[in-house]
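Chain residues, written in single-letter form:
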Amino acid sequence: MSAALTLDYDEDQQAIGAAIDRFCEQRDVAGAARRGDGVFPHELWRALAELGVFAAGAPHREDAGDAQTLCAIAEALGRNVFPGPVADTFLALQVLDREAAEEVIAGRALVAVSRGGTGLFPWGLEADLFLVVNETAVARVDTPADLQPLQTLGGEIWGRGATTASDALAGSARALTIGNIAAAAYLAGAGLRLVRETGDYVAARRQFGRTLGEFQAVAHPLADCAIAVTAAQHLARAAACSVQAQPRGSADGRAATLAAGAALSAGDAALRAAYTCHQAYGAIGVTVEGPAFHFSRRIRHLATQATAGAREQDLLLAEAGLGAQ
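Residues numbered from 1 in each chain as written. Predicted model: local features only at pLDDT ≥ 70, side-chain atom pairs only at ≥ 80, totals over all residues. Heavy atoms only, no water.

Enquirer: Can you tell me about unusual backbone geometry, naming the residues and giving the values?
Expert: Trans peptide bonds make up most of the peptide bonds, and negative phi angles are found at most residues other than glycine. Of note, D28 is a non-glycine position whose phi angle comes to about 55°, a positive value. The topology assignment puts D28 in the loop between α1 (11-26) and α2 (29-35). Its identity as a non-glycine residue notwithstanding, V81 has a phi of 40°, on the positive side. Turning to its location among the elements, V81 is positioned in the loop between α4 (67-79) and α5 (86-92). (Helix = DSSP H or I, 4+ residues; strand = E, 2+ residues; numbered from the N terminus.)

Here it is as structure tokens:
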């Protein structure tokens, strides 16, 4: 009889998440997220790297944490809306050579990942390593010679530049799976914290002699969001468990499908949570200095960054027997 699947983190993974929470509180990560001034927080990123978090899931590190640990780390960074290419960094470490990977793990090199042939590189002007992702593979490219700054609605400064075609890197399939798990966990972590903090607000804020949470028009949408984001969180954890069950450095089709579902689910659930929580907060919810904006800005930015697209939809359709005949 096979062992039952548990999606709870073990004591070590819970401790890692708690350590990240303390780090983010001590370093005022919330303040950095609120600023959104387009300046990459190099010092904060290097300090995070010193905790060793980016080593999780790195295939060349025998002593590195596994995919479930990576998922716990991404969740913790998400609930603190840590700025920077978190999911892309975990993706990149699956395909970079040992020397480049160690520079990224140590925080001495920053990765920029472009998707879908757009030529857009998040934090591209600050990056040292450049990757291009299409629907099936990851390739490393030279620094675009004509990289131009691009201001984004999320406050980040991206780069836009043309790249030349390059061969797919070994480990691309696993990289895409790990990238989806990390992005889903990050979005789920951010969405859950936003919903919980909004729930605390509506439980205390009174209007017309009652708390806002007593109105079904407020409570029911928040409950729906909590269910949806929690489901995405569990999908990300299930995908991480599936990766963990495979030989080190690999990720089979089942893990890829679970990760695809998690990424699509988390993107949709976190976006709905951002919309709903802004409504629950009312006018204060749409102010830059308010309690929700820095969450929703980061959620919208990551969820609309084409983290999951046609490839992920095709994987899920094939799982349901609805693929191309």
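Enquirer: How would you explain the environment of P149 if you had to name every residue and give the values?
Expert: Examined against the element boundaries, P149 turns out to sit in strand β5 (residues 148-151). Overall, the relative accessible area of 55% leaves P149 in the exposed class. Placed 122 residues apart in sequence, P149 and R27 show a C-alpha to C-alpha distance of 28 Å. Sequence-distant contacts of P149, that is, excluding residues within four places in its chain, are made with L125, I157 and W158. (Buried < 20%, exposed > 50% of the residue type's maximum accessible area, 1.4 Å probe, protein only. Contact = heavy atoms within 4.5 Å.)

Enquirer: Can you explain empty space enclosed by the protein? Please cite residues and give values.
Expert: One pass over the structure, following the stated rule, counts two cavities of 30 Å³ or more. Its volume calculated, the largest cavity comes out at about 120 Å³. Taken together, 16 residues form the lining of the largest cavity, with G84, P85, V86, L302 and Q305 sitting closest to its centre. Looking at the lining of the largest cavity, the elements that each hand over two or more residues are α5, α7 (172-204) and α10 (293-303). The class makeup of the residues in the lining of the largest cavity is eight nonpolar, four polar and four charged. Taken as a whole, the second largest cavity spans an internal volume of roughly 40 Å³. Residue lining of the second largest cavity: T6, L7, D8, Y9, Q13, Q68, C71, R237, A240 and C241, and that is the complete set. Among the elements of the structure, α4 and α8 (216-244) are those that each provide at least two residues to the lining of the second largest cavity. (1 Å grid on protein atoms, 1.4 Å probe; cavity = no way out; pocket = protein on both sides within 12 Å on 5 of 7 lines; lining within 4 Å. Points joined across faces, edges and corners; volume = space filled by probe spheres on them. Nonpolar A, V, L, I, M, F, W, Y, C, P; charged D, E, K, R; others polar.)

Enquirer: Lay out the packing of α8 against helix α9 (residues 253-281) with the relevant residues and their values.
Expert: As a packed pair, α8 and α9 sit with axes 8 Å apart at the nearest point and diverge in direction by 155°. Taken together, α8 and α9 sit at an angle that is classed as roughly antiparallel. At the point where α8 passes α9, the crossing takes the left-handed sense. Considered class by class, the residues forming the contact of α8 with α9 number 22 nonpolar, four polar and two charged. (Axes fitted to C-alpha atoms, helices over the stretch in contact; angles between N-to-C directions. Parallel < 35°, antiparallel > 145°, perpendicular 65-115°, else oblique. Left-handed = near helix turned anticlockwise from the far one by under 90°.)

Enquirer: Tell me about the nonpolar core, and name the residues and values.
Expert: Within soluble globular proteins, side chains that are nonpolar tend to cluster in buried spots. If you look at the biggest cluster of nonpolar residues, it comprises 92 residues, and the most contacted ones within it are F82, F90, L96 and L131. When residues in this core are grouped by element, the largest group, 16 residues, is from α7. Setting aside chain neighbours within four positions, we find F82 in contact with F23, C24, V29, L44, W45, L48, L77, Y186 and R298. (Core = buried A, V, L, I, M, F, W, Y, C linked by side-chain atoms within 4.5 Å.)

Enquirer: Pulling in residues and values, what's your account of the layout of surface pockets?
Expert: In this structure, the largest pocket encloses a volume near 330 Å³. Forming the boundary of the largest pocket are 23 residues, of which A32, A33, G36, V39 and P83 lie nearest the centre. Secondary-structure elements contributing two or more residues to the lining of the largest pocket are α2 and α10. Counting residues per element, the lining of the largest pocket draws most heavily on α10, which supplies four residues. Partitioning the lining of the largest pocket into residue classes produces nine nonpolar, seven polar and seven charged.

Enquirer: So, α4: which residues are in play, and what are the values?
Expert: Along its 13 residues, α4 runs 18 Å from first to last C-alpha, staying within 8% of the 18 Å computed at 1.5 Å per residue. Of all 13 residues in α4, twelve are buried; the element is thus mostly enclosed. Every buried residue of α4 is accounted for by A67, Q68, T69, L70, C71, A72, I73, A74, E75, A76, L77 and G78. Packed against the buried residues of α4 are α1, α3 (42-50), α5, α7 and α8. N-capping of α4 is provided by D66, with a side-chain oxygen placed 3.2 Å from the backbone N of Q68. Looking one or two residues beyond α4, the residue adopting positive phi is V81, at roughly 40°. (Expected span 1.5 Å × (residues − 1). Polar contact = N/O pair within 3.5 Å; in protein donor to acceptor, adjacent residues only side chain to side chain.)

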